[in-house]
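Commentary on secondary and tertiary structure
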Amino acid sequence: MLPASNRMRSAPQFRETTRRGVRIPSGAVVLHVLATGVSEEPRVGLTISKSVGNSVVRHRTARRIRAAFASCVNDLPRGSLWVVRALPGAGESESLHNDVVSGIARARLKLESRP
RNA sequence: CGAGUUGGCCGGGUGAUCGCGGCGUGAGCAAUCGCAUCGAGGAAAGUCCGGACUCCACAGGGCAAGGUGGUGGGUAACGCCCACCCGGGGAAACCCGCGGGACAGUGCCACAGAAAACAGACCGCCUUGAGCAAUCAAGGUAAGGGUGAAACGGCGGUGUAAGAGACCACCAGCACUGCAGGUGACUGCAGUGGCUAGGUAAACCCCACUUGGAGCAAGGUCAAGAGGAUCGGGCAACCGAUCUGCGCAGGCGAGCGGCCCGCUCAAUGUCUGCGGGUAGACCGCACCAGGUCACUGGCAACAGUGGCCGCAGAUGGAUGAUCACCGAAUCGGUCACCGAGAGGUGCCGAGGAACAGAAUCCGGCUUACAGGCCAACUCGUCCA
RNA sequence: GCCCCUUUAGCUCAUUGGUAGAGCGCUCCCUUGGUAAGGGCGAGGUACCGGGUCCGAUUCCCGGAAGGGGCU
């Protein structure tokens, strides 16, 4: 799981990231990334609407996405803000882990090419 | 063995690696790190009842409004639970019932039918009168007919012009009285009375009991700063609206969420209008109507005594991810055994677990739920 | 988390316990050389679902489902 220091907690950060960040669709999820340039821990937030499923499905989806991020948390650039939006069907997706990891890799390429 | 009824329990398991949240403890100025330990449910769900707790000054009286509704008990309380009564269903175990009052009053009962709630009379039956006759008029009657969910007791006889509880026997049912049983709802028996009373209160209503309002986003403490929060629009800067707080101006009443009484407060109050647009932390918060075992009382719900146990506490919201092994349902088979067959059992292969995730906490109710286990009881068949 | 509201024809909504209606839309016909407008005929309903009360329920009572709203 993600340590507490890597979790996004405030509504302004969510709004900034989803509105001004780069959007990368990847399978069952959509990633929003925003590079702030500040020398802080990267932060990750989740958006999982009711269309994904009931409470059990939504929580299981959130845990799997967080576990996928935790596996490569050291590869995230410092100061970056990430918001993951789960699409309907993500709860039953077999490739959720790979969707997240490959999305992170493509997002890093995009950030480096357009600083 | 088969069919069924009721109650209770479980509802994936084991291991490895990597993680997350709380509490405790040790180190560190601190960030943080180490160790130890705990970490979802029977419904955590729906939010339908009841309480605890907090605020509304106190939580007062009357009216209004709402709720409950057989009896007795259990409980902190309940619309819940237990036992019994009554009514209905079932062959039985057993199940279902908002189950007070229609002799306080008011309303309603469509269509059909003569008539739908004082009893009356369409067809009919009978008597008298008129007429050649068909029939008509006056009167008696309510057995028979048809309508309807429901038609003013049922059946048989006496009686009569025809009939009628007009009278009689039996039966059903009502009211009253007495006796017996029961704490009681009520039940049983005997007698008397009048021959008979429609339904609806989940229509108004009456009776008995009962309910003050809001809800942990309740509410409290602290810090910061003159702001803050939410919603809508915009790529964005930002713009607009509402609420709270602050500032200014004006009014004099305001509160006890319906009204009246009564009570309380009132210029540091309260209401209205205008103005310009800065927010987090902590407490509440997890040890109690607690769980479990034994004994005692009780038909039971439950209560009492004693021993043992400590059992989630997040806040963009922890309780997980990956891998390996085992694995229920289900599906398949040129397989084996049993069987007349339908099928059953075994073996092999595939497959890979229902409904569902705490958010102030308890007691219930209701709803969802693949599959499995246990116990008691009823009926049927066979054997001893 | 807490507190409320709604559900009737394809859509928007009516309807004292007694055969469910209106407007728009739809089908067919008339009118026109043709279309629109206009006129006429008609179809279309598990009254969200399941129980109960009643002779009878869209309506009254109980339970559920779906959709929507509010709070600081």
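Residues numbered from 1 in each chain as written. Chains lettered and ligands numbered in written order. Predicted model: local features only at pLDDT ≥ 70, side-chain atom pairs only at ≥ 80, totals over all residues. Heavy atoms only, no water.

Focus on the packing of aromatic side chains
Note the cut-off: Ring geometry is summarised as follows: Phe, Tyr and Trp rings, the Trp one being its six-membered ring, pair when their centres sit within 6.5 Å, and such pairs are stacked at plane angles under 30 degrees, edge-to-face over 60 and tilted between the two. Numbering of helices and strands starts at the N terminus; helices are DSSP runs of H or I of at least 4 residues and strands are runs of E of at least 2. Here the term buried applies to any residue with accessible area under 20% of the maximum for its type, exposed to any over 50%, and partly exposed to those in between, with areas from a 1.4 Å probe on protein chains only.
Using the criterion set out here, one finds one aromatic pair in the structure. Their ring planes at 70 degrees and their centres at 5.9 Å tell us that Phe69 and Trp82 sit as a pair that is edge-to-face. Within this pair, whereas Phe69 is found in helix α2 (residues 55–71), its partner Trp82 is found in strand β4 (residues 80–86), the two being separated by 13 residues in sequence. The two residues Phe69 and Trp82 agree in class, both being buried.

Some points on the environment of Arg7
Filter applied, for reference: Only heavy atoms enter the contact rule, under which two residues are in contact if any of them lie within 4.5 Å.
Examined against the element boundaries, Arg7 turns out to sit in the segment before α1 (11–20). We classify Arg7 as partly exposed; its relative accessible area is 29%. Taking C-alpha positions, Arg7 is 20 Å from Ala105, a pair spaced 98 residues apart along the chain. Ignoring any residue separated from it by four or fewer positions in sequence, one finds Arg7 in contact with Leu2, Arg43 and Val44.

Quick notes on the side chain of His32
Filter applied, for reference: Polar contact is the term for a pair of N or O atoms within 3.5 Å; when the atoms are in protein, one must be able to donate a hydrogen and the other to accept it, and sequence-neighboring residues count only if both atoms are side-chain atoms.
Of note, His32 is situated in strand β2 (residues 29–35). Looking at His32, the relative accessible area reads 5%, which means it is buried. At a separation of 3.2 Å, a polar atom in the side chain of His32 contacts the side chain of Arg85. Leave out the neighbours within four places in its chain, and His32 touches Thr17, Thr18, Val22, Arg23, Leu81, Trp82, Val83 and Arg85.

Looking at the pairing of strand β3 (residues 43–48)
On a regular strand, one side chain projects to one face of the sheet and the next to the other, so that they alternate. The line we're drawing: Following DSSP output, two strands are said to pair if at least two bridges run between them. Classification remark: right-handed applies to a crossover when, strands pointing away from the viewer, the course from the first strand over the helix to the second runs clockwise.
Bridge analysis of β3 against β4 gives six bridges, and the strand direction is parallel. Looking at the pairing, Val44 lines up with Trp82 of β4. Each parallel crossover has a hand, and the one from β3 via α2 to β4 is left-handed.

Structural notes on the environment of Arg85
Inspection of the secondary structure puts Arg85 in strand β4. Not counting residues up to four positions away in its chain, the partners in contact with Arg85 are Ala28, Val29, Val30, His32 and Thr47.

Things to note about the confidence of the model for chain A
Using the following cut-off: pLDDT measures the predictor's confidence residue by residue and takes values from 0 up to 100.
Looking at chain A, pLDDT values average 77 and 86% of them are 70 or higher. No element of chain A has a lower mean pLDDT than α1, which averages 67, and none a higher one than α2, which averages 83. Per the prediction output, this complex has pTM 0.75; the corresponding ipTM is 0.76.

So, the nonpolar core
Here is the rule: Grouping buried Ala, Val, Leu, Ile, Met, Phe, Trp, Tyr and Cys residues that are joined through side-chain atoms within 4.5 Å yields what is termed a nonpolar core.
One finds Ile65, Phe69, Trp82 and Ile104 to be the most contacted residues of the largest nonpolar core, which totals 25 residues. At the level of elements, β1 (22–26), β2, α2, β4 and α3 (96–113) are the ones that each hand at least two residues to this core. Looking at which element gives the most residues to this core, the answer is α3, with five residues. Beyond its immediate stretch of four places on either side in the chain, Phe69 contacts Leu2, Leu31, Val44, Leu76, Trp82, Val84, Val100 and Ile104.

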